[in-house]
Amino acid sequence: MVDSTGWDYIIVGGGLCGCVVASRLSQYQPSARILVIEAGPDASHDADILRFQTFEFVGGKFDWAYKSVPQKNMNGRQIDIPAGRAIGGGSVINACGWLRGAKADYDSWAEIVGDQRWSYEGQLPYFKKTEKWYNHFNSEAHGHDGTLHIESPMSKGRIYPLAGIVEESWRALGVQNLPGYDLNAGENLGLAELNENRRDGVRQIAPLVYPLDGVTVLPDTLVESILIDKDPQPRANGVRLADGTEIRSKQVIVAAGAYRTPQLLMLSGIGPKETLDQHGIETKVDNPEVGNNFNDHAILQLNWKLKDPSKGYAVGSANPLFLKPEFATGAPISFLVNTEVPKDGLVAAIARDEGKAPGPDHYLLKRRFALMESMVCYLSFPPLPIDGTHISTAMMATKPTSRGTVSIASKNPTDAPVLDPNYVATEVDKYVWRESLREAVSLMIGDTPLGRDVVVGETPLPGLEPLTLDASDEHLDTVVKARAVSTFHGSSSCSMGSVVDTDLRVKGVENLRIVDASVFPICIGAHIQAALYALAEQAAIIISNEAGR
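A few points on the structure.

Rules used throughout
Residues numbered from 1 in each chain as written. Predicted model: local features only at pLDDT ≥ 70, side-chain atom pairs only at ≥ 80, totals over all residues. Heavy atoms only, no water. Helix = DSSP H or I, 4+ residues; strand = E, 2+ residues; numbered from the N terminus. Rg over C-alpha atoms; globule rule 2.2 N^0.38 Å. Buried < 20%, exposed > 50% of the residue type's maximum accessible area, 1.4 Å probe, protein only. Contact = heavy atoms within 4.5 Å. Lys, Arg positive; Asp, Glu negative; His and termini not counted. Charge placed at Lys NZ, Arg CZ, Asp CG, Glu CD. Polar contact = N/O pair within 3.5 Å; in protein donor to acceptor, adjacent residues only side chain to side chain. Salt bridge = Lys/Arg side-chain N within 4 Å of Asp/Glu carboxyl O. Core = buried A, V, L, I, M, F, W, Y, C linked by side-chain atoms within 4.5 Å. Disulfide = S-S within 2.5 Å. Phe/Tyr/Trp six-rings, centres within 6.5 Å; stacked < 30°, edge-to-face > 60°. Axes fitted to C-alpha atoms, helices over the stretch in contact; angles between N-to-C directions. Parallel < 35°, antiparallel > 145°, perpendicular 65-115°, else oblique. Nonpolar A, V, L, I, M, F, W, Y, C, P; charged D, E, K, R; others polar. Left-handed = near helix turned anticlockwise from the far one by under 90°.

This paragraph deals with the overall build of the chain. Check the secondary structure of the chain and you find 13 helices and 24 strands. Computed over its C-alpha atoms, the radius of gyration of the chain comes to 23 Å, within 12% of the 24 Å expected for a compact globule of 549 residues. In the chain, buried positions account for 60% of the 549 residues. Within the chain, residue pairs in contact and separated by at least 24 positions form 72% of the contacts whose partners lie at least 6 positions apart. Distance between charge centroids for the chain: 1 Å, based on 51 positive and 67 negative side chains.

To continue, consider the side chain of Arg158. Relative to the helices and strands, Arg158 resides in the loop between β6 (148–149) and α4 (163–172). The exposure class of Arg158 is buried, given its relative accessible area of 2%. For Arg158, the side chain forms a polar contact with the side chain of Thr329, separated by 3.2 Å. At a separation of 3.1 Å, a polar atom in the side chain of Arg158 contacts the main-chain carbonyl oxygen of Ala331. Dropping the residues within four chain positions of it, Arg158 is found in contact with Ser152, Pro153, Glu196, Glu326, Phe327, Thr329, Gly330, Ala331 and Ile333.

Now for the pattern of salt bridges. Under the criterion given, the structure shown has 35 salt bridges. Across the pair Arg33 and Asp3 runs a salt bridge whose closest N-O atoms are separated by 3.0 Å. Here Asp3 lies in the segment before β1 (7–12) and Arg33 lies in the loop between α1 (16–28) and β2 (34–37), a separation of 30 residues in the sequence. Its relative accessible area of 44% is what places Asp3 among the partly exposed residues. Its salt-bridge partner being Asp477, residue Arg434 comes within 2.9 Å of it at the nearest N-O pair. Remark: Asp477 occurs in helix α12 (residues 473–483) and Arg434 occurs in helix α10 (residues 427–445); sequence separation between them is 43 residues.

Counting residues in hydrophobic clusters, the biggest one holds 164 residues, and the most contacted among them are Trp109, Ile391, Trp433 and Leu535. Residue contributions to this core peak at 10 residues, all from helix α13 (residues 529–547). When near neighbours in sequence (up to four residues on either side) are disregarded, Leu535 contacts Cys17, Trp109, Trp118, Gln123, Leu504, Val515, Asp516, Val519 and Phe520. Listed in part, the 7 residues of the second largest apolar core include Ile49, Phe62, Val92 and Ile205.

On to the environment of Pro360. Locating Pro360 in the fold gives a position in the loop between α8 (343–354) and α9 (363–366). On a C-alpha basis, the gap between Pro360 and Val347 in space is 9.8 Å, while along the polypeptide they are 13 residues apart. With residues up to four places along the chain from it excluded, the contact list for Pro360 reads Leu365 and Lys366.

Let us look at the state of the cysteines. Applying the stated criterion across every chain yields a total of 0 disulfides. Free cysteine: Cys377, not disulfide-bonded; nearest cysteine sulfur from Cys96 at 15 Å.

Turning our eyes to something else, we now look at the packing of aromatic side chains. Taken as a whole and judged by the stated rule, the model has 18 aromatic pairs. Seen from their ring centres, Tyr160 and Tyr378 are 4.8 Å apart, and the 40 degrees between their planes marks the pair as tilted. Note that Tyr160 is positioned in the loop between β6 and α4 and Tyr378 in the loop between β18 (372–377) and β19 (390–397), a separation of 218 residues in sequence. Each member of the pair Tyr160 and Tyr378 is classed as buried.

What follows deals with unusual backbone geometry. The omega torsion across Asp231 and Pro232 is 5 degrees, close enough to zero to call that bond cis. Mapped onto the elements, Pro232 comes out in the loop between β11 (223–229) and β12 (235–241). The residue after Pro382, namely Pro383, is reached through a cis peptide bond having omega 10 degrees. Mapped onto the fold, Pro383 is located in the loop between β18 and β19. Positive phi, normally seen in glycine, also occurs at Asn422, with a value near 55 degrees. Not every positive phi belongs to a glycine, and Leu504 is a case in point at roughly 70 degrees. Inspection of the secondary structure assignment puts Leu504 in the loop between β23 (485–486) and β24 (512–514). The class for Leu504 is buried, based on a relative accessible area of 0%.

Here we come to the packing of α10 against α12. The contact between α10 and α12 brings their axes to 10 Å, and the two run at 100 degrees. The angle between the axes of α10 and α12 places the two elements in the roughly perpendicular class. On α12, the residues that touch Trp433, Arg434, Leu437 and Arg438 of α10 are Asp473, Leu476, Asp477 and Val480. The residue makeup of the contact of α10 with α12, split by class, is 4 nonpolar, no polar and 4 charged.

A word on the packing of α1 against α13. At their nearest, the axes of α1 and α13 sit 9 Å apart, and the two run at 35 degrees to each other. In this structure, α1 crosses over α13, and the sense of that crossing is right-handed. For the pair formed by α1 and α13, the contact residues are Leu16, Cys17, Val20, Val21, Arg24, Leu25 and Tyr28 on the first element and Gln529, Leu532, Tyr533, Leu535, Ala536, Glu537, Ala539, Ala540, Ile541, Ile543 and Ser544 on the second. By residue class, the composition of the contact of α1 with α13 is 14 nonpolar, 2 polar and 2 charged.

In structure tokens, the structure reads:
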């Protein structure tokens, strides 16, 4: 067992953010005693996790395997919500997508919290600090000597048989290529290459790229609560483990993720008093915003039957191209496309949600945001076999306005948090899905190269009708309710501005910080991994600068 006293920092959660903060604090403050406590095991020596097969570990031994409460706008389904449970957290089980989002995301974040450090320009140095970018186009936007190798299909020589046809088909719908096929340079509306944080196809998990030398790591250990003195004012001074052991420290940094962090705060007496009273927990700080503003990206996958599978367009066909080693270095996808929706329809949907017409300064109208991310994937998704007869589309709503909650089921830390993402609850979200699905149908079976020469039509789930070019709103809504699932991008459940300040300090409690996706005050309009690395890099600077004062 580790020492029970004498720690400068205890970091609760050894996931992506926990590893980055611990590694950097050890670098910036070599004499600091740092303890990382992680509920899951050390996965860094498990060779299986480094293989290309991206989703093998979702639902496996490194996944908390949460479920949402029944979702009223998804036919009452309980949605699987994966979360990394290992040293490295989500970097152990995620899809390795490297997508920052847009300048507009971060500028709106900075505007909401009144601190330009969180704007795009404020965070750009930390994005660059994480990257070993694969080319020198847009050099001012990228790092070349950072911690993580970033790759693309073209950079690894993965030129798929359908790549040109897919690009031409998007162009037929009016979608333009981003300069250099780069969606990680501040603007992300348009067509670009998929980017992944792989090194020659190998997964880069956080503790292998942010070494924990000089840091004490306690794996397979669950924290029950944060120890808080109330006299003269609330102050964190350590943690209590699930077995009752108490470990003291000068500062506590919570990096348990958007699901576990609000749960841990509530178990420690920080949160909505009504909820704490219900579970017999003494209220140390009454903050009803703990667990609120929770959001997640919903994703929907559709399978499309090929006219002539013998042409070898899809993985699972007899095409020998797919057996070449370079095709085992990343996901079977060439491009990622971010799109908007018609503005007049968006304005009308906002008005239905808010009861009045929005002005030009409305959050969704003040800046141009990508509202849907789409990919054509050169294989089929379950329940179909990967046999070369189908390709697929994957669509992710990037800026949902629906908001949910994270709460607790009991005062027992081994009980899962109560997760309600409240997917597709607003008129805006419904409208974005309808318009984007219509665009997907036009791409795949409309007057495009894909529609004319490649695809027969959609192969729906049993009980659903295939999507058509004249699909009704009701049919499109039915598809979303039946098929949308989590992209496991939960965030914002301890938002900056309401639960933490812009230095990531928990309001009302000294010596307590949060560094994870729960602090995002907005829904980042992209996969959140890159944003988390930048957040953690800046957090380590903020914490070290304060220690040096």
